[in-house]
Amino acid sequence: MKASNSQWKDHLVGKIEPGLASEIDAFDSEIALKKQGKMEDKVFAETRLRRGAYGQRYDNGQRHDGLESRRLAYANPNTKGPTTLWDAPGMQRIKIPFGGLNATQLEVMAELAEEYSDGIAHVTTRQDIQLHFIHIEDTPAIMRRLGAAGITTREACGNTVRNVTACPLSGVCRDQAFDVTPYAKAAAYFLLGHPDTQDFGRKFKIAFSGCGDNPCALVRIHDLGCVAKVKDGQRGFEVYVGGGLGTVPYVAKLYTDFLPQEELLPLAQAMTRVFARLGEKKNRNTARMKFLVVKLGLDEFKRLVEEERKLLTPDPRWTSYLDGIENEQETPLRDPGLLQIENAQPEDFRAWRETNVYAQRQAGYATVTVALPLGDLTADQLRALADIARNYVNETVRTTVEQNIVLRWVSESDLPSVYNDLKAVGLHHAGAGTITDTVACPGTDTCKLGISSSRGLAGELRMHMAENGAAGNEAIKNLRIKVSGCFNSCGQHHIADLGFYGVSRNKGGFAAPHFQVVLGGQWTENAGSYGLAIGAVPSKRVPEAADRILARYTKERTEGESFQAFIRRIGKAECKKMLEDLMVMPLHSEDTSLYSDWHDPREYTTGDMGIGECAGEVVSPLEFQMTASEREVFEAQLAFEAGDIPKASKLAYDSMARAATALLVWHKSFYINSPDGVVEAFRKEFHDTQLFFDPFAGGKFAHYYFHAHELLGQERTAESAHRLIEEAQLFIEACHSCVGRMTAAPVKG
């Protein structure tokens, strides 16, 4: 803890909004109470989460050194949540509504990153900023310094309304219906701390987009998504509900094709009340609103929301922000200009301009994208960016869902100077919005849920694509690559052209990092559809797998054929065939390089198993059956692709049953033939004993299997069959993980 922490409270008196100052004081007191043992772990954990103070990898006091898990030497035995040690570094998430920042706020971020973190600020896929390696006792001082700059961390995590996101081009976009910025801002602050949003079972995410086609806001992956629309001269929104990624993605459903602007906040309030009242509370795995919408059915959900709307007491805040809203617009710092002598500019400038500069709807102005490798920028870069924002624009800065930052209202005549200033601090990378602009979640770097190194792979793919000139290949340059460290999709792999999510595999007693390859996702049309995994490739072989897929597309695409259309045309069987040899894992003794992760010298293993004389040379019954279950779930995808929904559903269920049977045979030598018997035995031996429980998702994946069994024989729609395939894939991955945990070595002191 920094010695200066206590001084900030007095130093910033009068500079923080009184309500926020009181909230931070209260949090300070709660920290003191927890240190005195007067707060329960679970209560304090939810309290700090609602302040954006998150856990981080290794905060349980354990770290695997490549051979065995060892305890980390934290002197303080106190905890800040269940199995979360007090002195272990954590993460501070900072809410940035619609991504809007000014120069002062950038400078504060720089100070905080330098003084409390590792000197790095990280832009997330929800337009937040995260600081890692934070001590819990430093967080009140951090919050006060942010509060003095007009930023709150309140409800950045926890079961709350999370950061409200919006298209970073809103107001300057050539395709927008109108600027959604003031609406996003109004929704963010109306719902922040609102009494109706304090009793959710899980988080609630909202996004705004100025148009329906571009992917800047990805509204269809949100609980509530709003697309700007003008009807009969009146402003309003096309509203979507019940979307979400996570382990099994749901595409949001159209709630209404036009909601008058006056009804936006009342609808949001009514919807949150229904979610709080009827949403799942006990089982976190089914507590998102997407499950409630499916459970009730869209028509019944709408009826309940409309009933709730009628009961609301009118609130002047519903419409007060609308006064003069049609005339609201940011103001530029400089006069519009034109870039007169582009050909005289260096090649690197021209390459940067091609990908990182967007001509605004306002003539003579451009929006510049500062492409951030993996969303990171240093404290010095933040300060430099603040200077640039003051010198060239009216501090009109926004973060993006692709982990970049944009400068709006740059006079086109200033572009060479802006480029040179960015270049001076290493922020001049070209390729924004191209195949080299990879997106990744924190993965195994800092996330407790990470299975494989998403940032390691994404960084490698970024360099690999750049070195191979992918950004200059017209066929593939505008494709998107997104990487998640696990199935939870924080890297948004479901909506990428090429998506990857981390899994592990065991071979001969050794664990190896892998990534599932997800093809066919659609990030355009606000994330209009999701891809499906075709198989797992060892992490170190992913770049080669990507090369093969991209080369095939470049060579065989028809004129104007999109990547998604190409994947649909050749089929997933052909896609998998391209990668099958890469999926075959050699023995540890044959190639140790595949048994470690990117940029991590440790051997990737969950235990110091050792191998027998013939280990690895004979395929175990478990390995054989697990491979068969993976084949079945892939065949389910092929049947789904062919439109045979009944067959796809049956194969997906069969793959789960086979994997469950394989574990029963492996662990207990149970040989059971009836589906009911397998479910009963699996529940008793793996679920009820919690052997199958994921460290963070609990029994979620077992319930996928149980639920599929309950619905066995019932007719499924295409949407539910798609979901069943996703769940089967995750259940099989959970079986692999279960085996890995059960064969891992115990923690050493």
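Residues numbered from 1 in each chain as written. Predicted model: local features only at pLDDT ≥ 70, side-chain atom pairs only at ≥ 80, totals over all residues. Heavy atoms only, no water.

Engineer: I keep staring at the domain arrangement of the chain and nothing clicks. Help me out?
Structural biologist: Frequently, the measure chosen for interface size is the accessible area that the parts lose on association. Partitioning the chain into structural domains gives domain 1 (1-103 + 117-150), domain 2 (173-329), domain 3 (347-425), domain 4 (439-613) and domain 5 (621-744). Taking the mean C-alpha position of each, domain 1 and domain 5 sit 39 Å from one another. (Domains from an automatic or database assignment.)

Engineer: How should I be thinking about the packing of aromatic side chains in this particular structure?
Structural biologist: Any two aromatic rings considered together are summarised by their centre-to-centre distance and by the angle between their planes. Scanning the model with the defined rule gives 30 aromatic pairs in all. With 6.0 Å between their ring centres and 85° between their planes, Tyr183 and Tyr321 make a pair best called edge-to-face. Residue Tyr183 is located in helix α6 (residues 181-191), and its partner Tyr321 is located in the loop between α10 (317-320) and α11 (347-356); the two are separated by 138 residues in the primary sequence. Take Tyr183 and Tyr321: they sit in the same class, and that class is buried. Judged by centre distance (5.1 Å) and plane angle (40°), the ring pair of Tyr705 and Phe731 falls under tilted. Of the two residues, Tyr705 sits in helix α22 (residues 700-710) while Phe731 sits in helix α23 (residues 718-742), which places them 26 residues apart along the sequence. Each of the two residues, Tyr705 as well as Phe731, counts as buried. An aromatic cluster is defined as three or more aromatic residues linked by ring pairs; in this entry it consists of Tyr653, Phe682, Phe686, Phe692, Tyr705, Phe706 and Phe731. Sitting over the ring of Tyr255, Lys302 keeps its end group 5.5 Å from the ring centre. The ring centre of Trp598 lies 5.6 Å from the NZ or CZ of Lys540, which sits over that ring. (Phe/Tyr/Trp six-rings, centres within 6.5 Å; stacked < 30°, edge-to-face > 60°. Helix = DSSP H or I, 4+ residues; strand = E, 2+ residues; numbered from the N terminus. Buried < 20%, exposed > 50% of the residue type's maximum accessible area, 1.4 Å probe, protein only. Lys NZ or Arg CZ within 6 Å of the ring centre and 35° of its normal.)

Engineer: Looking at this structure, how should I read unusual backbone geometry?
Structural biologist: Located in the positive-phi region is Phe133, a residue other than glycine, with phi close to 65°. Within the fold, Phe133 resides in strand β9 (residues 129-134). Its identity as a non-glycine residue notwithstanding, Trp409 has a phi of 70°, on the positive side. Topologically, Trp409 is positioned in strand β19 (residues 405-411). On the accessibility criterion, Trp409 (3% relative accessible area) is buried.

Engineer: Any chance you could explain the sheet that holds strand β8 (residues 120-123) here in plain terms?
Structural biologist: Adjacent strands of a sheet pair through backbone hydrogen bonds, lying either parallel or antiparallel. Pairing in this open sheet of 5 strands is antiparallel, and the strands run β1-β6-β9-β8-β17 from one edge to the other. The open sheet has two edge strands with one neighbour each: β1 (53-54) and β17 (376-378). Here strand β6 (residues 90-94) pairs with β9 via 5 bridges, running antiparallel. Counted as the bridge partner of Arg93 is Gln130 from β9. Contacting β1, β6 and β9, helix α5 (residues 139-148) crosses the sheet at an angle of about 15° to β6. (Pairing = 2+ DSSP bridges. Contact = heavy atoms within 4.5 Å. Axes fitted to C-alpha atoms, helices over the stretch in contact; angles between N-to-C directions.)

Engineer: What's the story with the sheet that holds strand β23 (residues 510-519) in this structure? I'm lost.
Structural biologist: Spatially, 5 strands are ordered β20-β21-β22-β23-β24 in an open sheet, and the strand pairing comes out mixed. Where the open sheet ends on each side, the last strands, each with one partner, are β20 (439-440) and β24 (532-538). In this fold α23 packs onto β22 (498-507), β23 and β24, with an angle of close to 35° to the strand it touches most, β22.

Engineer: Just checking my understanding: could you explain the nonpolar core for this structure?
Structural biologist: Judged by nonpolar contacts, the single largest core of 60 residues is most densely connected at Met109, Leu385, Leu407 and Leu422. Examining the composition of this core, we find that 8 residues originate from one element, helix α4 (residues 103-116), more than from any other. Summarising the domain contributions, this core has at least three residues from each of domain 1 (1-103 + 117-150) and domain 3 (347-425). Contacts of Met109, omitting those with residues within four sequence positions, involve Ile94, Ile96, Leu101, Ile129, Leu146, Ile151 and Leu382. By size, the runner-up hydrophobic cluster in this structure holds 53 residues, among which are Ala657, Phe686, Ile725 and Leu730. (Core = buried A, V, L, I, M, F, W, Y, C linked by side-chain atoms within 4.5 Å.)

Engineer: Help me out: how do you make sense of the environment of Phe98 in this one?
Structural biologist: Position of Phe98 among the secondary structure elements: in the loop between β6 and β7 (100-101). Exposure remark for Phe98: the relative accessible area of 13% places this residue in the buried category. Each C-alpha atom of the pair Phe98 and Asp644 lies 42 Å from the other, and the pair is 546 residues apart in sequence. When near neighbours in sequence (up to four residues on either side) are disregarded, Phe98 contacts Gln127, Val164, Thr165, Ala166, Thr181, Ala184, Lys185 and Arg398.

Engineer: Where do I start with the packing of helix α2 (residues 18-35) against α5 in this structure?
Structural biologist: Describing two packed helices takes the angle between their axes plus the distance from one axis to the other. Relative to each other, α2 and α5 sit at 175°, their axes nearing to 9 Å. Accordingly, the angle class assigned to the pair α2 and α5 is roughly antiparallel. Contacts between α2 and α5 involve Leu20, Ile24, Asp25, Phe27, Asp28 and Ile31 on the former and, on the latter, Thr139, Pro140, Met143, Arg144 and Gly147. Partitioned by chemical class, the residues of the contact of α2 with α5 number 6 nonpolar, 2 polar and 3 charged. (Parallel < 35°, antiparallel > 145°, perpendicular 65-115°, else oblique. Nonpolar A, V, L, I, M, F, W, Y, C, P; charged D, E, K, R; others polar.)

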